[in-house]
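Observations on chain architecture
Listed below, chain by chain, are the residues.
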Amino acid sequence: MELRHLRYFSAVADTLHFGRAARHLHVSQPTLSQQIRQLEEELGAPLFERARSGVRLTQAGELFRTYASRALEDVNAGRRAVGALHGLTTGTLRVGYPPSMRGVVVPALAAVLRRHPGLALSAEEAIVRRVERRLADGKLDVGLAYAPARLPDLDAEPVFDSKLALVVARGHPLAGAESVGARQLAEEPFALLSRGLRVRARVEAWFSAMRLAPHIALESNAVGTVLAIVRAGLAVTVLPEPRLADAERLVVKRLTPAPRSELAALLWRKGAPRAPAAELFAAEVRERAKDAGED
């Protein structure tokens, strides 16, 4: 069995179509089919069921796919480790995070790219469950989410306390308050992150505890959209304490009583080599968390 067999098998397993897989691999379809037959002969079991509409994985194919994916990811991890010997002049960094952590991730990625402009960065915003699954499947190098991780094949490294806070426009009547309670928010329109996001569940838990039934003017899965509506003075929002630049014309206020906080954490795949670029990103996140704790 050779590495190309695994790559060819994974391409067909991902597309469930020999023609599309062949085009993706830049090989002819007969060549691809021949390589798959060789792999099936070596394993002693058919991996695909062929039909006019395409193909589907057999039970053996589903089982083998897990091991093939891990093997390919380990090979890629080895390549990345060797690339570290060349000072990270090339390579990739794949980071996953929920929308609420954009304010931490983007500055950390920018710092990595300034130091190593030859790197190709991939940043995926997704719900926490997807971030964890993508990381466990080897599709990400590092994640930023919460501790503890829900999947057993991930390690969580706590880095800072994620506290919810109120965000208002600079000219809002509440901008000058030392802290803000639920009664002061009873008549305020809210712009909130979408249902299904972990932060939204935390915000709603605080609303419920305060017996506050908020008027929700906008829901979005993009933090930038939520903050734009707040900046325009059309709503207020509750987010994990964002670090904002003066140019953003927003003010962060403490909520009383304080909502329950969570531990934000770097997530790693257990037992997998850590890509040097991911380690650099993690170091930037740790440094920013330390600076925030000293503010």
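Residues numbered from 1 in each chain as written. Predicted model: local features only at pLDDT ≥ 70, side-chain atom pairs only at ≥ 80, totals over all residues. Heavy atoms only, no water.

With an unreviewed UniProt entry as reference, the protein chain is termed Transcriptional regulator CynR, source organism Archangium minus. Taken verbatim from the UniProt record of the protein chain, the Sequence similarities (unreviewed entry) comment is "Belongs to the LysR transcriptional regulatory family." (UniProt positions renumbered as here; feature names shortened; annotations may be inferred.)

1. Describing the packing of aromatic side chains
Throughout the structure, instances matching the rule amount to five aromatic pairs. Each ring, one from F9 and one from F64, has its centre 5.1 Å from the other, and the planes form 70 degrees; the classification is edge-to-face. Taken together, the positions of F9 in helix α1 (residues 3-15) and F64 in helix α4 (residues 59-83) put the pair 55 residues apart, joining distant regions of the chain. You'll find F9 and F64 in the same group, each marked buried. These aromatic residues form a ring-pair network of at least three members: F9, F18, F48 and F64. Looking at R70, its charged tip hangs above the ring of Y67, at a distance of 5.9 Å from the centre. A cation over an aromatic ring shows up here: R274 above the ring of W268, its NZ or CZ 4.1 Å from the ring centre. (Phe/Tyr/Trp six-rings, centres within 6.5 Å; stacked < 30°, edge-to-face > 60°. Helix = DSSP H or I, 4+ residues; strand = E, 2+ residues; numbered from the N terminus. Buried < 20%, exposed > 50% of the residue type's maximum accessible area, 1.4 Å probe, protein only. Lys NZ or Arg CZ within 6 Å of the ring centre and 35° of its normal.)

2. So, the pairing of strand β10 (residues 215-220)
With five bridges joining them, strand β9 (residues 189-193) and β10 adopt parallel strand pairing. Within β10, the position partnered with A191 by the bridge is L218. Taking the sense of rotation as the criterion, the β-α-β connection linking β9, helix α7 (residues 198-209) and β10 turns out right-handed. (Pairing = 2+ DSSP bridges. Right-handed = clockwise from strand over helix to strand, strands pointing away.)

3. Examining unusual backbone geometry
For the bond running from A147 to P148, omega is 0 degrees, close enough to zero to count as cis. Along the chain, the position of P148 falls in the loop between β5 (142-147) and β6 (154-162). The peptide bond linking T256 to P257 adopts the cis configuration, its omega dihedral lying at -10 degrees. By secondary structure assignment, the location of P257 is in the loop between β12 (250-256) and β13 (262-269).

4. As for the packing of helix α2 (residues 18-25) against helix α3 (residues 29-43)
Contact pair α2 / α3: the axes reach a minimum separation of 9 Å and the direction vectors enclose 105 degrees. Compared by their axis directions, α2 and α3 come out roughly perpendicular. Residues F18, G19, A21, A22 and L25 of α2 form the contact with α3, whose own contacting residues are Q29, L32, S33 and I36. Taken together, the residues of the contact of α2 with α3 break down into six nonpolar, three polar and no charged. (Axes fitted to C-alpha atoms, helices over the stretch in contact; angles between N-to-C directions. Parallel < 35°, antiparallel > 145°, perpendicular 65-115°, else oblique. Contact = heavy atoms within 4.5 Å. Nonpolar A, V, L, I, M, F, W, Y, C, P; charged D, E, K, R; others polar.)

5. Quick notes on the packing of α1 against α2
Following both chains from N to C, one finds α1 and α2 inclined at 130 degrees, their axes separated by 8 Å at the closest point. In terms of their interaxial angle, α1 and α2 are classed as oblique. The hand of the α1/α2 crossing is right-handed. Counting all contacts with α1, which are made through R7, Y8, A11, V12 and T15, the residues of α2 involved are F18, R20, A21 and L25. Residue classes in the contact of α1 with α2 are distributed as six nonpolar, one polar and two charged. (Left-handed = near helix turned anticlockwise from the far one by under 90°.)

6. Details of the pattern of salt bridges
Counted by the stated rule, this structure contains 17 salt bridges. Between E2 and R4 there is a salt bridge; the shortest N-O distance is 2.2 Å. Of the residues examined, R4 reaches a relative accessible area of 29% and is grouped as partly exposed. Residue R94 is joined to E73 by a salt bridge in which the shortest nitrogen-to-oxygen separation is 3.3 Å. Here R94, found in strand β3 (residues 92-97), pairs with E73, found in helix α4; they are 21 residues apart in sequence, far enough to count as distant. By relative accessible area, which is 18% here, R94 ends up buried. Members of the salt-bridge network, linked through shared partners, are R195, R200, E204 and E219. (Salt bridge = Lys/Arg side-chain N within 4 Å of Asp/Glu carboxyl O.)

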